[in-house]
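Survey of secondary and tertiary structure
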Amino acid sequence: MEQIGKNIDLAAKFLKEGDLVAIPSETVYGLAANALNEKAVFSIFTAKNRPHFDPLIVHIKNAEQIDLYAEWEDDRLKKLADKFWPGPLTLLLQKKEIIPDIVTSGLSRVALRVPNHELALDLLNKLEFPLAAPSANPFGYISPTTAQHVQDQLADRVAYILDGGACRVGLESTIVGVEDGKILIYRLGGLSVEEIKNAIGDVTLSLIESSDPKAPGQLKSHYAPKKPLYFGDAEKLMQQHSNKKIALLLFGKTNLKSDFNFNLSEKADVLEAAKNLFDMLRQADNSEAEIVIAQLVPDENLGKAINDRLKRAAV
Ligand code: TXA
Ligand code: MG
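Described below are features of the structure shown in this document. Because the structure is predicted, anything quoted here is derived from the model rather than measured.

Concerning the packing of helix H4 (residues 75-84) against helix H8 (residues 193-200)
- Running from N to C, H4 and H8 point in directions that differ by 115°, and their axes come no closer than 10 Å. In this structure, H4 meets H8 at a crossing whose hand is right-handed. Note on element contacts: H8 touches H4 through Glu195, Ile196, Ala199 and Ile200, opposite Arg76, Lys79, Leu80, Lys83 and Phe84.
- A per-class count over the contact of H4 with H8 returns five nonpolar, no polar and four charged.

Right under this line is the structure:
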């Protein structure tokens, strides 16, 4: 049997048996298991080498499913769901009993999202349970945006990899919740802060920089390649590291050149850059360069999330 394919029935069969299946989404590939089956969820943590204090996102087929698993707390969150689901938005809501504590690492809120990917939705529609799925990479490494990325790293730990092509957005979902009546953004991601503000008004960034386990996706040493990565003004960094073999990650029109060159978007389009980011980071990491130097991208729209990921990937 091929391990990678588009066979939804096979994927559904494995998931019903409590096995792990990698699934596509518009953001990144997820490592999925039956969210209501504690044993299956446990095996996600083992496969990823993920600490148990880092909770998982639960994927549901549509917004109506929310009532089964959580309580709506604030009309603004409902408005976001109406407007952006299916899409790269995760909501933190007070969980109901049915969600096992292992999914939320014992926290009272559960992270929920409806992925915007036809294969993933077809799969969810064949199942009577939601899917817990973190990004399908070993803990701390770069998230996968193709089925091949998943196979390269987790082949021996998943029953099947559902191939939905390259992820259209390429950055993980934006995580949003409410505390004391304030809308908070815990993780920048595929839905921009600007879009959220346009929909519901003021929001507060509450990006967690330390090892506070409230949203460990915000741990600083995340999304990291194996090679040292330096992030900022590429030209200056190249001068500082001129004795090293360099892989450059650039953005827009530029004359900078080094040993290995990757341009996230020659036409300076942040959407295209987001889509290319993790794949090019992997290529840079797998190149014969000794270090990676990444250029800061414009800090607007998805550029904010790109800079956030590069900052966390940096030494
Ligand atoms: O786009 C995405 O969000 C992808 C796809 C597969 O859906 N998933 C993803 O999962 O990025 P993961 O596990 O790599 O990141 C999920 C983040 C983690 O930082 C986790 O700490 C946070 O969501 N999270 C999950 N449940 C939470 C909860 N109950 N309270 C606070 N943070 C939570
Ligand atoms: Mg992740």
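Observations regarding the sheet that holds strand S16 (residues 291-295)
- With parallel pairing, the four strands of this open sheet are ordered in space as S13-S16-S14-S15. Of all strands in the sheet, those bounded by a partner on one side alone are strand S13 (229-232) and strand S15 (260-263). Pairs of neighbouring strands in the sheet enclose a mean axial angle of 15°, with direction left out of account.
- Together, S13, strand S14 (246-250), S15 and S16 form the strand contacts of helix H10 (residues 270-286), whose direction differs from that of S15 by roughly 175°.
- The strands that helix H11 (residues 302-313) touches are S13, S14 and S16; relative to S13, the one it contacts most, it runs at about 140°.

With respect to the pattern of salt bridges
- Within this structure, the stated rule accounts for 13 salt bridges.
- Residues Asp101 and Lys95 are paired through a salt bridge, measuring 3.5 Å at the closest nitrogen-oxygen approach.
- The buried category is assigned to Lys95, whose relative accessible area is 18%.
- Here Arg109 and Glu179 are joined by a salt bridge, their closest N and O atoms 3.4 Å apart. Highlighted residues: Arg109 in strand S7 (residues 109-113) and Glu179 in strand S10 (residues 174-179), separated in sequence by 70 residues.
- Judged by relative accessible area, Arg109 falls into the buried class, the value being 14%.
- Salt bridges here are not isolated pairs; linked through shared partners, they connect Glu172, Asp308, Arg309 and Arg312.

Some words on unusual backbone geometry
- Geometrically, the link from Trp85 to Pro86 is a cis peptide bond, its omega value of -10° lying close to zero.
- Relative to the assigned elements, Pro86 resides in the loop between H4 and strand S6 (89-95).
- Unusually for a residue other than glycine, Ser105 sits at a positive phi of about 55°.
- Locating Ser105 in the fold gives a position in the loop between helix H5 (101-104) and S7.

Topic: the packing of aromatic side chains
- A complete count under the given rule lists two aromatic pairs for this structure.
- Here the aromatic rings of Tyr223 and Phe278 are separated by 6.3 Å at their centres, their planes lie at 5°, and the arrangement is stacked. Placement of Tyr223 in the loop between strand S12 (204-205) and S13 and of Phe278 in helix H10 is noted, with a sequence separation of 55 residues between them. There is no split in this pair, since Tyr223 and Phe278 are both buried.
- The side chain of Lys13 reaches across the aromatic face of Phe14, ending 4.9 Å from its centre.

Parameters and conventions
- Residues numbered from 1 in each chain as written.
- Chains lettered and ligands numbered in written order.
- Predicted model: local features only at pLDDT ≥ 70, side-chain atom pairs only at ≥ 80, totals over all residues.
- Heavy atoms only, no water.
- Axes fitted to C-alpha atoms, helices over the stretch in contact; angles between N-to-C directions.
- Helix = DSSP H or I, 4+ residues; strand = E, 2+ residues; numbered from the N terminus.
- Left-handed = near helix turned anticlockwise from the far one by under 90°.
- Contact = heavy atoms within 4.5 Å.
- Nonpolar A, V, L, I, M, F, W, Y, C, P; charged D, E, K, R; others polar.
- Pairing = 2+ DSSP bridges.
- Salt bridge = Lys/Arg side-chain N within 4 Å of Asp/Glu carboxyl O.
- Buried < 20%, exposed > 50% of the residue type's maximum accessible area, 1.4 Å probe, protein only.
- Phe/Tyr/Trp six-rings, centres within 6.5 Å; stacked < 30°, edge-to-face > 60°.
- Lys NZ or Arg CZ within 6 Å of the ring centre and 35° of its normal.

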